[in-house]
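Working through the structure, step by step
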Amino acid sequence: MRSADWYAGRDRNAYIHRAWMRRGAPDSAFEGRPQIAIANTASDLTPCNAHMDELARSVANGVWEAGGVPLNLPVVSLGETQVRPTAMLWRNMAAMAAEEMFRANPIDGLVLLGGCDKTIPSLLMAAASVDLPAVVLPGGPMLTGTFQGRVLNSATDVWRMSEDVRAGTMPEHLFLESESCLVRSRGHCNAMGTASTMALVAEALGMTLPGTAGLPAPDSRLLRASHETGRLAVALVEADRRPSTVMTEASFRNAILALAAIGGSTNAVVHLLAIAGRLGVPLTLDDFDRIGSGVPLVVDLQPAGRFLMDDLHRAGGLLAALREVIDLLDPAATTVTGRPLVEYVEPAIAWDREVIRQRVEPLQPDAGIAVLRGNLAPDGAIIKPAAATPSLLRHRGRAVVFDSIEDFHARFDDPDLDVDAGSVLVLRGCGPKGYPGMPEVSNLPLPTTLLERGVRDMVRICDGRMSGTAYGTVVLHVAPEAAAGGPLARVENDDWIELDVPARRLTLDVPADVLAARMPSAAAAAGYANPARGWERLYIDHVLQADTGADLDFLVGSSGSHVARESH
Ligand code: FES
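What this report covers is the structure whose coordinates are included nearby.

The rules behind each value
Residues numbered from 1 in each chain as written. Predicted model: local features only at pLDDT ≥ 70, side-chain atom pairs only at ≥ 80, totals over all residues. Heavy atoms only, no water. Helix = DSSP H or I, 4+ residues; strand = E, 2+ residues; numbered from the N terminus. Rg over C-alpha atoms; globule rule 2.2 N^0.38 Å. Buried < 20%, exposed > 50% of the residue type's maximum accessible area, 1.4 Å probe, protein only. Contact = heavy atoms within 4.5 Å. Areas by Shrake-Rupley, 256 points an atom, 1.4 Å probe, with all protein chains shown as cover. Lys, Arg positive; Asp, Glu negative; His and termini not counted. Charge placed at Lys NZ, Arg CZ, Asp CG, Glu CD. Pairing = 2+ DSSP bridges. Right-handed = clockwise from strand over helix to strand, strands pointing away. Phe/Tyr/Trp six-rings, centres within 6.5 Å; stacked < 30°, edge-to-face > 60°. Expected span 1.5 Å × (residues − 1). Axes fitted to C-alpha atoms, helices over the stretch in contact; angles between N-to-C directions. Parallel < 35°, antiparallel > 145°, perpendicular 65-115°, else oblique. Nonpolar A, V, L, I, M, F, W, Y, C, P; charged D, E, K, R; others polar. Core = buried A, V, L, I, M, F, W, Y, C linked by side-chain atoms within 4.5 Å. Salt bridge = Lys/Arg side-chain N within 4 Å of Asp/Glu carboxyl O.

1. Some details on the overall build of the protein
Regarding its fold elements, the protein presents 22 helices and 14 strands. Against the 2.2 N^0.38 benchmark of 24 Å for 568 residues, the protein shows a C-alpha radius of gyration of 24 Å, consistent with a compact globule. Reported as C-alpha extents along the three principal axes, the dimensions of the protein are approximately 80 × 50 × 50 Å. Taking all 568 residues of the protein together, 61% fall into the buried category. Expressed as a percentage of contacts within the protein between residues at least 6 apart in sequence, the contacts between residues at least 24 apart total 77%. Of the roughly 21700 Å² that the protein leaves accessible, carbon and sulfur atoms contribute 52%. Taken as two groups, the 51 positive and 68 negative side-chain charges of the protein have centres that lie 4 Å from each other.

Right, dumping it as structure tokens:
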């Protein structure tokens, strides 16, 4: 047991380690029992995770019952709606801090309590790099809220209603009244956004107790699952089953397949690439296209469809959804229980065929993520064709360029803005380095003049991300970003841009010599972040581009769990 390096023996050092941890603990707590850290992202400033102390108590009961010692370990928590300039800036910091604390402490195994968007990815990155036995416990989605008899989606309905106010079809006082109805209960956002996606993807990776992801946060069965997860963590240590043995290439194939079948968030791309990078799994951007293309969307969940996460749970959850594509799953991929994922998928039953569609009647026949390349995105960009307007998937239009999101906000409502329905909106300065942190701003609202003319979608191109619940013909994650010297920095108004999703091409119709002779936009460069100190400085100097997961260069890979030196 790793913790024996701290607690075993009769010398002064072991005495000190035990003495400070006793505080009523029995002698047996230090005699070979697995020390299980409950990495807890509960925080009043992460409202989606605020209930996790209760889950942690159930985990702790399970750990005690199975013969381990539970240890609550508060870790960096990120509230997606609260943290500025974007929670993504802090994902790598949260992962680094968690990894170091997992390694520095007398810990044999981990339970990872995450929910809000970045919390599960950061914990998985940390667990992968320290490679201690670990299991994820997702905090679960909130229950469905309603306003004036109508179901509210906690993400997209905010945008929908604010657009209705803008268009004059919803009085402002009703918009404000809906505010207290939006978040009905504890838990994370209830559409198929990033939090829901990453919980389900963690299960598809094999890192949760199967059947746990998607259990609504207030459901008492989540407490039972928490208890069982605590028991499982002890068993994981005894079996020496580590993240590197669970999250294999086969597991990532299943995760990408699941991502397509559930119509999950594009944000999963950067998170899965970053997690794979920690493990040395050779996952590439192109794998998302290769594995996910042609996979049918089998759940009818918002934003693509009608229902929300508690409906998915009622209908049978992820396992029942994966039952529809079981032949595409890699049977070699195992889970934290030691048994293959397909063993749990095989007996799963879909109880509501409106929520979980039969494969022969999918919500969409092809739900994968397309990877685009060309002289505008030499290292790749992505688009979710299922979220796009089919007629725009092949499109040629004139660029209307914005140097920053502030530039966009200042001008997009200007009646004199030279834009038409065929234009291509280009937004730069929103990549990992430029913003910094790669915010979710890529799904730009349409200029008011066009909205008034009935235009509902346009081609948009950006080096940032978009919310997992966003929709539209949006090309994202353009790499390299403008601030890293990507060609996006050299696009000018009225350049012609050609998007050809079936051919996987994104082309700036400017001759190579002309493009090379152009100077990068000085106005864009003036807006790039250039902090003198602190995390932002470290981040900008070391962050990698989106096509490899936007991790920090010196955090890629694993250092294991060994610490050579004593603290005194
Ligand atoms: Fe936390 Fe949406 S704000 S999941």
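2. Some remarks on unusual backbone geometry
Working note: non-glycine residues mostly have negative phi, and peptide bonds are mostly trans. With omega at 0°, the peptide bond leading from tyrosine 435 into proline 436 counts as cis. Position of proline 436 relative to the elements: it lies in the loop between β10 (424-427) and α19 (448-452). For the bond from alanine 479 to proline 480, the omega torsion is -5°, close enough to zero to count as cis. Along the chain, the position of proline 480 falls in the loop between β12 (474-479) and β13 (496-500). With a phi angle near 40°, arginine 23 is a residue other than glycine that sits in the positive phi range.

3. Here we look at the pairing of strand β2 (residues 69-74)
Sheet analysis places strand β1 (residues 35-40) next to β2, joined by 6 bridges and oriented parallel. Paired with isoleucine 36 across the strands is proline 70, a residue of β2. In the classification by handedness, the crossover that spans β1, the intervening helix α3 (residues 52-65) and the parallel β2 is right-handed.

4. Section: the packing of aromatic side chains
Geometry of an aromatic ring pair is reported as the spacing of the ring centres plus the angle between the planes. For the structure shown, the criterion picks out 4 aromatic pairs. Geometrically, the ring pair formed by phenylalanine 408 and phenylalanine 412 is stacked, given 4.7 Å between the ring centres and 20° between the ring planes. Taken individually, phenylalanine 408 and phenylalanine 412 each receive the classification buried, so the pair is uniform in this respect. In this structure an aromatic cluster arises from ring pairing among Phe402, Phe408 and Phe412.

5. Examining the environment of valine 136
Structurally, valine 136 is set in strand β4 (residues 134-138). Residue classification places valine 136 among the buried positions, given a relative accessible area of 2%. Residues in contact with valine 136, not counting those within four places in the same chain, are Leu112, Ile120, Leu124, Ala202, Met207, Thr208 and Leu209.

6. Details of α3
Quick reminder: α-helices carry 3.6 residues per turn. Residues three or four places apart thus point the same way. The first and last C-alpha atoms of α3 sit 20 Å apart over 14 residues, in line with the 20 Å expected at 1.5 Å per residue. Taken residue by residue, α3 has Met52, Leu55, Ala56, Ser58, Val59, Ala60, Gly62 and Val63 as its buried positions. Buried residues along α3 sit against β1, β2, β3 (109-114), β4 and α10 (220-239). Residue glycine 67 follows α3 closely and has a positive phi angle near 100°.

7. Some details on the side chain of threonine 197
Here threonine 197 is to be found in helix α9 (residues 194-204). Contacts of threonine 197, omitting those with residues within four sequence positions, involve Met192, Leu259, Gly264, Ser265 and Ala268.

8. Topic: the packing of helix α12 (residues 249-261) against helix α13 (residues 267-279)
Each pair of packed helices can be described by the angle between their axes along with the distance between the axes. α13 packs onto α12 with a crossing angle of 175° between their chain directions and a minimal axis gap of 12 Å. By the criterion of interaxial angle, the relationship of α12 to α13 is roughly antiparallel. Listed contacts from α13 to Phe252, Ala255, Ile256 and Leu259 of α12 are Ala268, Leu272, Ile275, Ala276 and Leu279. Classifying every residue of the contact of α12 with α13 gives 9 nonpolar, no polar and no charged.

9. Here we look at the nonpolar core
Among the nonpolar cores identified, the biggest contains 110 residues, and Phe102, Leu110, Leu112, Leu124 and Phe252 are the most heavily contacted of them. In contact with phenylalanine 102, not counting residues within four places along its chain, are Arg2, Ala39, Leu73, Val75, Ile107, Leu110, Leu112, Leu123, Ala126, Ala127, Val130 and Leu132. The next biggest cluster of nonpolar side chains, apart from the first, holds 30 residues, and it includes Leu393, Val475, Leu488 and Val501.

10. Some thoughts on the pattern of salt bridges
Evaluation of the coordinates by the stated rule reveals 38 salt bridges. Across the pair arginine 398 and aspartate 494 runs a salt bridge whose closest N-O atoms are separated by 2.1 Å. Separated by 96 residues along the polypeptide, arginine 398 in strand β9 (residues 394-402) and aspartate 494 in the loop between β12 and β13 bring together distant segments of the chain. Judged by relative accessible area, aspartate 494 falls into the partly exposed class, the value being 40%. The salt bridge partner of aspartate 495 is arginine 518, with a shortest N-O separation of 2.7 Å. Placement of aspartate 495 in the loop between β12 and β13 and of arginine 518 in the loop between α20 (512-517) and α21 (522-527) is noted, with a sequence separation of 23 residues between them. If you follow the salt bridges from partner to partner, you end up with Glu99, Glu100, Arg103, Arg278 and Asp551 in one network.

Just geometry here; none of it tells us what the structure is for.
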